[in-house]
Amino acid sequence: MVASKMLIPSITHFRPLTCAAAASASYPARLVPHPPDLLKWVKREGGFVHDAVKITQDTTYGLGLFASGEIPTSSDLIVLPNHVPLKFQSDKEDGAGSVLLHLSNQVPEELWAMKLGLKLLQERANVGSFWRPYINNLPETYSVPIFFAGEDIRNLQYAPLLYQVNKRCRFLLEFEQELKKALKNLKPSEHPFGGQDVDASSLGWAMSAVSSRAFRLYGKKLPDGTHSDIPMMLPLIDMCNHSFNPNARILQEQDAGNPKMLIKVVAERDIKQNDPLLLNYGCLSNDFFLLDYGFVIPSNPYDYIELKYDGAFMDAASMAAGVSSPNFSSPAPWQQQVLSQLKLDGEAPNLKVIVGGSELVEGRLLAALRVILSNDMESVQRCDLNILKSLSAEAPLGVANEVAAFRTLIALCVIALGHFPTKIMDDDSLLKQVVSISTKLAIQFRMQKKSVIIDVMRDLTKRVRLLLSRETTAA
């Protein structure tokens, strides 16, 4: 069952934060009504901001950085000195620092944003924090699914994401209890949050702030000359919005005579007046964009559908595709050996496979289909496993085998599409109504997942037709 408790950020030193604003307002308010000017703060702290860089509200990108004039390629846009980024310093072993380190060690690595989130909460609770001007500019609320009402979590209609949302909600509720135990009866000097109450809502706000804004960059220099990988919140830089076709990028470099790193944003190409400053957050699926950033990318080329490799499920899809007597449930020993190599059988198998994304079909799934649908052991054993995994390797086990594999994949897509309770036309009609931001995001997310499936089906159908036409021509 999905954990649907509403996580409402609530550090009591500040005016109460509510998720109602995120559900109704076009853009979330910031922590204080009139926060300090970040541009001036960065410059005052020894940083650099290009004269044409401005903070602006935009209907497409929301609050972000824009160019008020022409900016030539390779220009420095923003430069932050080493002391400005907010990092988790784990070398403090006394008092509040020791307690914070103990708490961070209880956070699983996959939820790394919560570790830095603890530091963010500590600084937010500190009235005299160096980062106060930055923190006051942070959003009051976030449109990530842990803040969705239960109905909108269900509206996502996609089990893998529901699992991740449930997992994060459960972690926050459990971590709240661990945190309360750790903070009980502490001396004021040892309390990392200045004696203020921190609950699951506060933790959720902090984790969302970090996951949606932090960058993993070089940290300390290691004995072997490399640098550790460390999450950092980069004031002002984190107001650059996302694009797969960015016009800027982040660099780290050292000034001559200065051993400390400078963090820069540099123009990748000429930037025109009124253009937004855009960074590439990564080649991510919409699962990650929605979970961590709170938005969905239309026609995302890296979006995919996650399936479970299951013999009975594969048999059903293959029979629906017209394959007689498939044996996914009971592969021959030589086929089982290949499945083990693909980590789809044997000890500790990884049964999660994907369709869509940059590969169209995950190589492991494609190889498994080709192998199981083949009766020619010698041909399979002669074929390199990487060839079997490659979609560009056309019909390595023959045209009939390839057509059967593609048709089985199409049938898998039909079944996956049928698991969604609504159709794209239904979703499109719902979006034309007045709905909350979280409802809109949930509908957009599931529409994009369905579009991925349909696009894969179309592509594979074209491939089947091409194979059959070539076979007819050859005959």
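Reading the values: the criteria
- Residues numbered from 1 in each chain as written.
- Predicted model: local features only at pLDDT ≥ 70, side-chain atom pairs only at ≥ 80, totals over all residues.
- Heavy atoms only, no water.
- Helix = DSSP H or I, 4+ residues; strand = E, 2+ residues; numbered from the N terminus.
- 1 Å grid on protein atoms, 1.4 Å probe; cavity = no way out; pocket = protein on both sides within 12 Å on 5 of 7 lines; lining within 4 Å.
- Points joined across faces, edges and corners; volume = space filled by probe spheres on them.
- Expected span 1.5 Å × (residues − 1).
- Buried < 20%, exposed > 50% of the residue type's maximum accessible area, 1.4 Å probe, protein only.
- Polar contact = N/O pair within 3.5 Å; in protein donor to acceptor, adjacent residues only side chain to side chain.
- Phe/Tyr/Trp six-rings, centres within 6.5 Å; stacked < 30°, edge-to-face > 60°.
- Lys NZ or Arg CZ within 6 Å of the ring centre and 35° of its normal.
- Axes fitted to C-alpha atoms, helices over the stretch in contact; angles between N-to-C directions.
- Parallel < 35°, antiparallel > 145°, perpendicular 65-115°, else oblique.
- Left-handed = near helix turned anticlockwise from the far one by under 90°.
- Contact = heavy atoms within 4.5 Å.
- Nonpolar A, V, L, I, M, F, W, Y, C, P; charged D, E, K, R; others polar.
- Salt bridge = Lys/Arg side-chain N within 4 Å of Asp/Glu carboxyl O.
- Pairing = 2+ DSSP bridges.

Caption draft 1: How the structure looks around the environment of Gly194. Relative to the elements of secondary structure, Gly194 occurs in the loop between helix H7 (159–183) and helix H8 (200–213). Residues Gly194 and Asn126, 68 residues apart in the sequence, show an inter-C-alpha distance of 6.9 Å.

Caption draft 2: Broad picture of empty space enclosed by the protein. Taken as a whole and judged by the stated rule, the model has 1 cavity of 30 Å³ or more. One number sums up the size of the largest cavity: a volume of about 40 Å³. Lining the largest cavity are Val144, Ile146, Arg168, Met207, Ser208, Ser211 and Leu291.

Caption draft 3: Structural detail: H8. With 14 residues, H8 extends 20 Å from end C-alpha to end C-alpha; this agrees with the ideal 20 Å at 1.5 Å per step. Judged by how many residues are buried, H8 sits mostly within the fold: 14 of 14 residues are covered. Of the residues that open H8, the one with a side-chain oxygen 3.1 Å from the backbone nitrogen of Ser201 is Asp199.

Caption draft 4: The arrangement of the packing of aromatic side chains in detail. For the coordinates displayed, the defined rule picks out 11 aromatic pairs. Judged by centre distance (5.2 Å) and plane angle (15°), the rings of Phe171 and Phe175 are stacked. Residue Phe171 and its partner Phe175 are located together in helix H7, separated by 4 residues, close to a single helical turn. The exposure class assigned to Phe171 is buried, which follows from its relative accessible area of 13%. The structure contains a cluster of three or more aromatic residues connected by ring pairs, namely Phe244, Tyr281, Phe289, Tyr293, Phe295 and Tyr302. Sitting over the ring of Trp112, Arg216 keeps its end group 4.9 Å from the ring centre. A cation sits over an aromatic face here: Lys449 above Tyr304, 5.4 Å from the ring centre.

Caption draft 5: View of the packing of H7 against H8. The N-to-C vectors of H7 and H8 enclose an angle of 120°; their axes lie 9 Å apart at closest approach. Here H7 is positioned oblique relative to H8, judged by the angle of their axes. Of the two possible hands of crossing, H7 and H8 adopt the one that is right-handed. Contact residues: H7 offers Arg168, Leu172, Leu173, Phe175, Glu176 and Leu179, while H8 offers Ala200, Leu203, Gly204 and Met207. The residue makeup of the contact of H7 with H8, split by class, is 7 nonpolar, 1 polar and 2 charged.

Caption draft 6: Seen up close, the pattern of salt bridges. On inspection of all chains with the given rule, the structure shows 22 salt bridges. With a closest N to O distance of 3.2 Å, Arg154 and Glu151 form a salt bridge. Residue Arg154 and its partner Glu151 are located together in helix H6 (residues 150–155), separated by 3 residues, close to a single helical turn. Assessed through its relative accessible area of 51%, Arg154 is described here as exposed. Overall, Glu151 belongs to the partly exposed group, its relative accessible area being 48%. Lys264 serves as the salt-bridge partner of Glu253, at 2.7 Å between the closest nitrogen and oxygen. Here the residue Glu253 occupies a position in strand S9 (residues 248–254), and Lys264 occupies one in strand S10 (residues 261–267), the gap between them amounting to 11 residues. On the accessibility criterion, Glu253 (28% relative accessible area) is partly exposed. With a relative accessible area of 12%, Lys264 lands in the buried category.

Caption draft 7: Examining the sheet that holds strand S13 (residues 352–356) more closely. Pairing in this open sheet of 3 strands is antiparallel, and the strands run S12-S13-S14 from one edge to the other. Single-partner strands in this sheet number two, and they are strand S12 (304–308) and strand S14 (360–361).

Caption draft 8: Local environment of unusual backbone geometry. Phi at Asn185 is positive, roughly 65°, even though this residue is not glycine. Turning to its location among the elements, Asn185 is positioned in the loop between H7 and H8. At Asn274, a position not held by glycine, the phi torsion is positive, near 75°. Secondary-structure assignment places Asn274 in the loop between S10 and strand S11 (278–279).

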